[in-house]
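# Working through the structure, step by step
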Amino acid sequence: MSHSQIDAMPRQHRFAPGWPLWVFTLALLPVLIGLGFWQLERAEEKRELQAQIDQQRSLPATPLAELDATTITAWRPLLLTGALDTRYIWLLDNRTRDGRPGVEVLQVFHDHASDRRLLVNRGWLPWADRRQLPAVPTPQGNLQLQVEALPAPEQGFTLHSAPTAGWPKVVGRIDLPAFAAHTGAPLLPRMARLRAGSQGGFQLNWPGLPMTASKHTGYAVQWFALAAALLILFIWAGLRPDSRGNDNDEHD
């Protein structure tokens, strides 16, 4: 066989990745796969959490007087009958809607039937001009509010706002014990927020869960895709031309 015929023949390849490629792939591949399964676990947790929220929200609204304060679960609908206290209003700062800055209005509600006080989130107000506080109109007289109990407020990182003298007070986070100290009367350890259609509400388009199950699933797909791409690159980079056996060829 002539040299020209040998050169024209397709070269065969053998799989022989070097040790740096082995180390890189074996170190990174389990991480990518692990992150994918972790996101799938987070997606399942979010599905279970959303199912719990939906189950609680489907319950009929119960008057506060019929419930023990320690048995009120998060997202349970409550029926309040009483009055909003116009003296104690907090504006929860750094709350945006559609890119617009604003606050959420927190106000003490006195439930007459149970003689309990709890903090109620009345919704969102825009606050573009930081030189003056937004107006917070309060309906007077006896009110009947449809609310849902909220989980305990998180104590993570928050953007702090400059304290304001007098009322309303601008705050950067929810601190129920501190709020109760301001009022001089005990507050229920769980706050609530108005449901759509209730009296005294502002903008009530409450944000959902920070990250849904579908987003976690999407991230899992991305991690698995990166793992597959790494495996393909490992195989491609490890293939080398095989020159073995050419010494035994007969040359014309």
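Residues numbered from 1 in each chain as written. Predicted model: local features only at pLDDT ≥ 70, side-chain atom pairs only at ≥ 80, totals over all residues. Heavy atoms only, no water.

## A word on helix 4 (residues 213-238)
Put simply, the test is: Under the DSSP-based scheme used, a helix requires at least four consecutive residues in state H or I and a strand at least two consecutive residues in state E, with every element numbered from the N terminus. One less than the number of residues in a helix, times 1.5 Å, gives the span that helix is expected to have. Summary of the burial criterion: residues with accessible area below 20% of their type's maximum are buried, those above 50% are exposed, and those between are partly exposed, where the area comes from a 1.4 Å probe applied to protein chains only.
Here helix 4 is 26 residues long and its end C-alpha atoms lie 38 Å apart, about the 38 Å a rise of 1.5 Å per residue gives. Of all the residues in helix 4, the buried ones are A213, H216, A220, A227, L230, F234 and G238.

## With respect to the nonpolar core
Selection rule: For our purposes a nonpolar core is just a set of buried Ala, Val, Leu, Ile, Met, Phe, Trp, Tyr and Cys residues, chained together by side-chain atoms within 4.5 Å. We call two residues contacting when some pair of their heavy atoms lies within 4.5 Å.
With 18 residues, the main nonpolar core has L78, L80, F109, L118 and V147 as its most contacted residues. Of all the secondary-structure elements, those providing two or more residues to this core are strand 3 (77-92), strand 5 (116-126), strand 6 (143-149) and strand 8 (192-194). No other element matches the 4 residues that strand 6 contributes to this core. Excluding anything up to four places from it in sequence, F109 contacts L80, T81, G82, A83, L84, R116, R117, L118, V120, L143 and L145. The next biggest cluster of nonpolar side chains, apart from the first, holds 16 residues, and it includes W90, L150, A180 and L187.

## Notes on the pairing of strand 6
This is how it is decided: A strand pair is defined by DSSP finding two or more bridges across the two strands.
Across the 7 residues that make up strand 6, a large majority, 5, are buried. Note: strand 3 against strand 6, 6 bridges, orientation antiparallel. Along strand 6, the bridge assignment pairs T81 with Q144. As paired elements, strand 6 and strand 8 share 3 bridges and run antiparallel to each other. Bridge assignment links V147 to a residue of strand 8, and that residue is L194.

## Quick look at the confidence of the model for the protein chain
Under the convention used in this document: Summary of the metric used: pLDDT quantifies the predictor's per-residue confidence within the range 0 to 100.
In this model, the protein chain carries an average pLDDT of 83, and 83% of its residues clear a pLDDT of 70 or more. Low pLDDT, under 50, characterises residues 247-252; the predicted model gives this stretch 7 contacts beyond four residues in sequence or across chains.

## A look at the pattern of salt bridges
In plain terms, the rule: Any carboxyl oxygen of Asp or Glu that lies within 4 Å of a side-chain nitrogen of Lys or Arg is treated as forming a salt bridge with it.
Across all of its chains, the model carries 10 salt bridges by this definition. D129 serves as the salt-bridge partner of R131, at 2.9 Å between the closest nitrogen and oxygen. The exposed category is assigned to R131, whose relative accessible area is 76%. The residue D175 makes a salt bridge to R173 at a minimum N-O spacing of 3.7 Å. For D175, a relative accessible area of 24% puts it in the partly exposed group.

## A look at a nonpolar patch on the surface
Heads up, the rule is: Patch membership needs two things, relative accessible area over 30% and no salt bridge, and members are linked within 9 Å if like-charged or within 5 Å if nonpolar (Val, Leu, Ile, Met, Phe, Trp, Tyr). Each accessible area value is a Shrake-Rupley result obtained with a 1.4 Å probe; residue values ignore everything except the protein chains displayed when judging cover.
Among the surface-exposed residues, F24, L28 and V31 lie close enough to one another that they form a single nonpolar patch of about 250 Å² accessible area. Note on placement: F24 falls in helix 2 (residues 19-57).

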